[in-house]
Amino acid sequence: MKATPGQQQVLLKINELENVLLRSKKALTELESGSALRELQDELRSSSELMLAAQARYENLEVDIARVLTDLELVDSRISRDLDRLSTSTVPKDIAGVQSELAALESRKSLLETSELELLETRDAAGFEVAESKKLRAELSDKISAIEASIAVELGKLQSTVSSLQEQLRITKASAPAELLEAYERKASRGVPIGRLDERDCGACRIALTSAVFSEVTGASADELPTCPNCEAFLVR
Ligand SMILES: [Zn+2]
């Protein structure tokens, strides 16, 4: 194929622009998919679930504690009523009955107090868990907002990079002869369309040319654009 050295450089430029454009578009798609945020969003969701579960446990324990406190009040009032009866009664049989009831009440009170302590401890642990998961959620939300903001900036930059590359590509393509560009596009639709000769290697497929092909390629006139026999890419010397 005939192409002046200047036209050969234009094709190389087109290929370079197309590669950069492809990478930029890929990065754009990746950013738009929000995959950078997915892990954090999953973490946020599970920490919200943990927080709600701890919150529910905390509230149930509060109800249990209130119930124990009511029972304790009841026992206390019965104890003081019994103590009054004890101080006024003179009948030995009554005294014995009251004393035995008092003993039962004291043991009930002690059980209730133990259970109150245990419930308070468990409730405080649940409260701590609520506070911790709230803190984690706030941290995750902050991180997500920061990433979202930087993604928005990055997206804007990439979008303008992509449109400027598209414009450069359009202008560069317009400067290439139609026939040459057509041949280039045909090659591009099948694989890497063009490569520089790198010592004996084809820059497109990285396979070394045989000595015969190498001398043929290097011996061709400057406005001749040879083709790699392995990958059919244009070979620029
Ligand atoms: Zn090749």
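Since the structure is predicted, the reported quantities are computational estimates derived from the model, not experimental observations.

(A) Representation of the coordination of the zinc ion. Around the zinc ion, the donor atoms from the protein are C202 (SG), C205 (SG), C228 (SG) and C231 (SG), and they sit 2.3 Å away. Positions of the donor residues of the zinc ion, expressed as sequence spacing, correspond to C-x2-C-x22-C-x2-C. Here C205, found in the loop between strand 2 (201-202) and helix 5 (211-219), pairs with C231, found in the loop between helix 5 and strand 3 (234-236); they are 26 residues apart in sequence, far enough to count as distant. For C205, a relative accessible area of 23% puts it in the partly exposed group. Judged by its relative accessible area of 28%, C231 falls in the partly exposed class.

(B) Layout of the packing of helix 1 (residues 5-33) against helix 4 (residues 178-190). The geometry of helix 1 relative to helix 4 is characterised by a closest axis approach of 11 Å and an angle of 40° between their N-to-C directions. For the element pair helix 1 / helix 4, the angle class is oblique. As for how helix 1 packs across helix 4, the hand of that crossing is right-handed. Along its contact with helix 1, which presents Q7, L11, I14, N15 and E18, the element helix 4 presents L180, L181, Y184 and E185. Residues that form the contact of helix 1 with helix 4 fall into these classes: five nonpolar, two polar and two charged.

(C) How the structure looks around the pattern of salt bridges. Going through the model one piece at a time under the given rule, you end up with 17 salt bridges. A salt bridge links D64 to R67, with the shortest nitrogen-to-oxygen separation between them at 3.5 Å. Remark: R67 and D64 occur in helix 2 (residues 35-88); sequence separation between them is three residues, near one turn of the helix. Among the salt bridges present, the one from D76 reaches K109, with a minimum N-O distance of 2.9 Å. Linking D76 in helix 2 with K109 in helix 3 (residues 92-174), this pair joins segments that are 33 residues apart in sequence. Overlapping salt bridges, with partners in common, bring together R81, D82, R85 and E101 in one network.

(D) Just the domain arrangement of the chain, in detail. Each domain of the chain was delimited in the assignment, giving domain 1 (5-24 + 176-236) and domain 2 (31-174). Taking only C-alpha atoms into account, the centre of domain 1 sits 67 Å from that of domain 2. Listed per partner, the contact involves 11 residues of domain 1 and 10 residues of domain 2. Taking both partners together, domain 1 and domain 2 bury about 940 Å²; carbon and sulfur atoms supply 73% of that area. In terms of surface lost to domain 2, no three residues of domain 1 exceed L17, L21 and S24, which account for 55% of the buried area on that side. Across the contact surface, domain 1 and domain 2 share two salt bridges. Between E18 and K173 there is a salt bridge, with the nearest N and O atoms lying 3.3 Å from each other. Taken together, the links from domain 1 to domain 2 amount to four residue pairs in polar contact (both at pLDDT 80 or more).

(E) Geometry of the packing of aromatic side chains. Taken as a whole and assessed by the stated rule, the structure comprises zero aromatic pairs. We note K187 situated over the ring of F234; from NZ or CZ to the ring centre the distance is 4.8 Å. The aromatic ring of F214 is capped on one face by R200, whose charged end is 4.4 Å from the ring centroid.

So, how was this worked out
- For every chain, the first residue of the written sequence is number 1, and numbering continues from 1 along that sequence.
- Predicted model: local features are reported for residues with pLDDT of at least 70 only, side-chain atom pairs are reported and counted for 80 or more only, and whole-chain, interface and lining totals are derived from all residues.
- Water and hydrogen atoms play no part in the side-chain values, which are based on all heavy atoms of the structure.
- With water omitted from the atoms examined, metal sites may look incomplete; donors here are N, O and S atoms no farther than 2.8 Å from the metal, or 3.2 Å in the case of Na, K and Ca.
- Each helix is a run of DSSP H or I of at least 4 residues and each strand a run of E of at least 2, with the numbering of both proceeding from the N terminus.
- Partly exposed describes any residue whose relative accessible area lies between the buried limit of under 20% and the exposed limit of over 50%, with all areas from a 1.4 Å probe on protein chains only and scaled to the type maximum.
- Angles run from 0 to 180 degrees between N-to-C directions of axes, and those axes are lines fitted to C-alpha atoms, restricted for helices to the stretch in contact.
- Relative orientations are named as follows: roughly parallel for angles under 35 degrees, roughly antiparallel for angles over 145 degrees, roughly perpendicular for angles from 65 to 115 degrees, and oblique for any other angle.
- When the near helix sits turned anticlockwise from the far one by under a right angle, the crossing is termed left-handed; a clockwise turn instead gives a right-handed crossing.
- Any two residues having at least one pair of non-hydrogen atoms within 4.5 Å are treated as being in contact.
- In this classification, Asp, Glu, Lys and Arg are treated as charged, Ala, Val, Leu, Ile, Met, Phe, Trp, Tyr, Cys and Pro as nonpolar, and every other residue, Gly included, as polar.
- What makes a salt bridge here is a side-chain nitrogen of Lys or Arg within 4 Å of a carboxyl oxygen of Asp or Glu, nothing more.
- Domain extents, as shown, originate in an automatic or database domain assignment.
- The term buried area refers to how much accessible surface (probe radius 1.4 Å) is lost by two components on association, counted for both of them together.
- Here a polar contact is taken to be a pair of N or O atoms separated by no more than 3.5 Å, where protein atoms must pair a possible hydrogen donor with a possible acceptor and residues adjacent in sequence count only if both atoms sit in side chains.
- Aromatic rings from Phe, Tyr and Trp, with only the six-membered ring used for Trp, were paired whenever their centres fell within 6.5 Å, and each pair was classed as stacked if the ring planes differed by under 30 degrees, edge-to-face if by over 60, and tilted otherwise.
- In this scheme, the term charge over a ring applies when either NZ of a lysine or CZ of an arginine sits within 6 Å of the ring centre and within 35 degrees of the ring normal.

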